[in-house]
Every structure is written in structure tokens, then in C-alpha cells.
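# Results of the structural survey
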Amino acid sequence: LAPDPASARRREPDDPVQVLEYYMESRGLNRSDLIPFLGSKERVSEVLHRKRSLSLEMIRRLHAGLGIPADLLLGTKPAKATHQYAVEVRPEVPS
């Protein structure tokens, strides 16, 4: 069976910027509508261009003011590791 295209569109994104863009589009908001939640026109631009991450305070304001779930604004994808480390686990030796 082919996936239902309508259900694919309803899936909420897992990147904080995509979340903001999704909510802006679905509610007819523009960038200036985000200023009270992010702090300034420049800050809105920095966040939407991924030059600045959302702070915890911004997330709280977006959640309280626009009802955007905070966990979506935190993002669910883990950051890509740039290094791999080997970890050796040694059993405890009784004394």
C-alpha cells in the first residue's frame, strides 16, 4: 500500500526551525509575529537561518504564547557526533 499523502503532510517536523515554519504556515503567521517571542527582528532572522539556536526562554515564550509543544522546539534529532570514542568497560574486581 502506498502511504497516504495527507497523513504525511500532517506529520509535525522534528527540527526546531521546521517546527516554527510549520506553525507559521499553518496559522498564517509571518516573521514579525515571532518578534515578541524571540526578542527582535534580527533574532528572528538568525533563528530561521539557523545561525542562532532557540534558547530555553524563547522556547518557553513560544510554548506559552503560541501553544507550540516545547518538546518539538527542543528537537528530537541528536546532534551529529564529530568524533567516535572507544569505551572500555572493566568489571569490578572484588577486594
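Above: the structure in question.
The structure contained in this document is the topic of the report that follows. (Residues numbered from 1 in each chain as written. Predicted model: local features only at pLDDT ≥ 70, side-chain atom pairs only at ≥ 80, totals over all residues. Heavy atoms only, no water.)

### What to know about the overall build of the protein chain
Where we set the bar: Each helix is a run of H or I in the DSSP string that is no shorter than four residues. Each strand is a run of E no shorter than two, and both are numbered from the N terminus. Categorising residues by exposure relies on relative accessible area from a 1.4 Å probe, with only protein chains included: less than 20% of the type maximum marks a residue as buried, more than 50% marks it as exposed, and the intermediate range marks it as partly exposed. Should any heavy atoms of two residues lie within 4.5 Å, those residues are counted as being in contact. Accessible areas in this description were obtained via Shrake-Rupley with a 1.4 Å probe; residue shielding takes into account the shown protein chains only.
Across its full length, the protein chain holds six helices and zero strands. Ordered by position in the sequence, the α and β elements of the protein chain form the string α-α-α-α-α-α. Across the 95 residues of the protein chain, 21% fall into the buried class. Across the protein chain, contacts joining residues at least 24 apart in sequence account for 49% of those joining residues at least 6 apart. Accessible surface for the protein chain amounts to roughly 7700 Å². Of this, 53% is attributable to carbon and sulfur atoms.

### Some remarks on the packing of aromatic side chains
Definition in use: Working definition: rings of Phe, Tyr and Trp (its six-membered ring) pair if their centres are within 6.5 Å, and the pair is stacked with planes under 30 degrees apart, edge-to-face with planes over 60 apart, and tilted otherwise.
If you walk through the whole model with that rule in mind, you get one aromatic pair. Taking the centre distance of 5.4 Å and the plane angle of 80° together, the rings of Tyr-22 and Tyr-23 count as edge-to-face. Given a relative accessible area of 28%, Tyr-22 falls into the partly exposed group. The class of Tyr-23 is buried, set by a relative accessible area of 9%.

### Structural notes on the nonpolar core
Put simply, the rule reads: Side-chain atoms within 4.5 Å link the members of a nonpolar core, which is a set of buried Ala, Val, Leu, Ile, Met, Phe, Trp, Tyr and Cys residues.
Formed by 19 residues in total, the largest nonpolar core has its most connected members in Leu-20, Leu-34, Leu-38, Leu-54, Leu-62 and Leu-73. Those elements that place two or more of their residues in this core are helix H2 (16-27), helix H3 (35-38), helix H4 (41-48), helix H5 (56-66) and helix H6 (70-74). The greatest single-element share of this core, amounting to five residues, is contributed by H2. For Leu-20, the residues in contact, after removing those within four places along its chain, are Val-47, Leu-48, Leu-54, Leu-62, Ile-68 and Leu-73.

### Notes on the environment of Gly-65
Residue placement: Gly-65 occurs in helix H5. Residue Gly-65 is classed as partly exposed on the basis of its relative accessible area, which comes to 45%.

### With respect to the environment of Arg-50
By the secondary structure assignment, Arg-50 is in the loop between H4 and H5. Spatially, the C-alpha atom of Arg-50 lies 9.5 Å from that of Pro-16, the residues being 34 residues apart in sequence. Those residues within four positions of Arg-50 in sequence are excluded, and the remaining contacts are Asp-15, Val-17 and Gln-18.

### A few points about H4
In plain terms, the rule: Working note: the arc is built from the helix axis to C-beta atom directions.
Turning to H4, its buried residues number three or more, namely Val-44, Val-47 and Leu-48. Down the axis of H4, the buried set is contained in an arc of 90°. They therefore lie on one face. Two residues or fewer after H4 comes Arg-50, characterised by a positive phi angle close to 60°.

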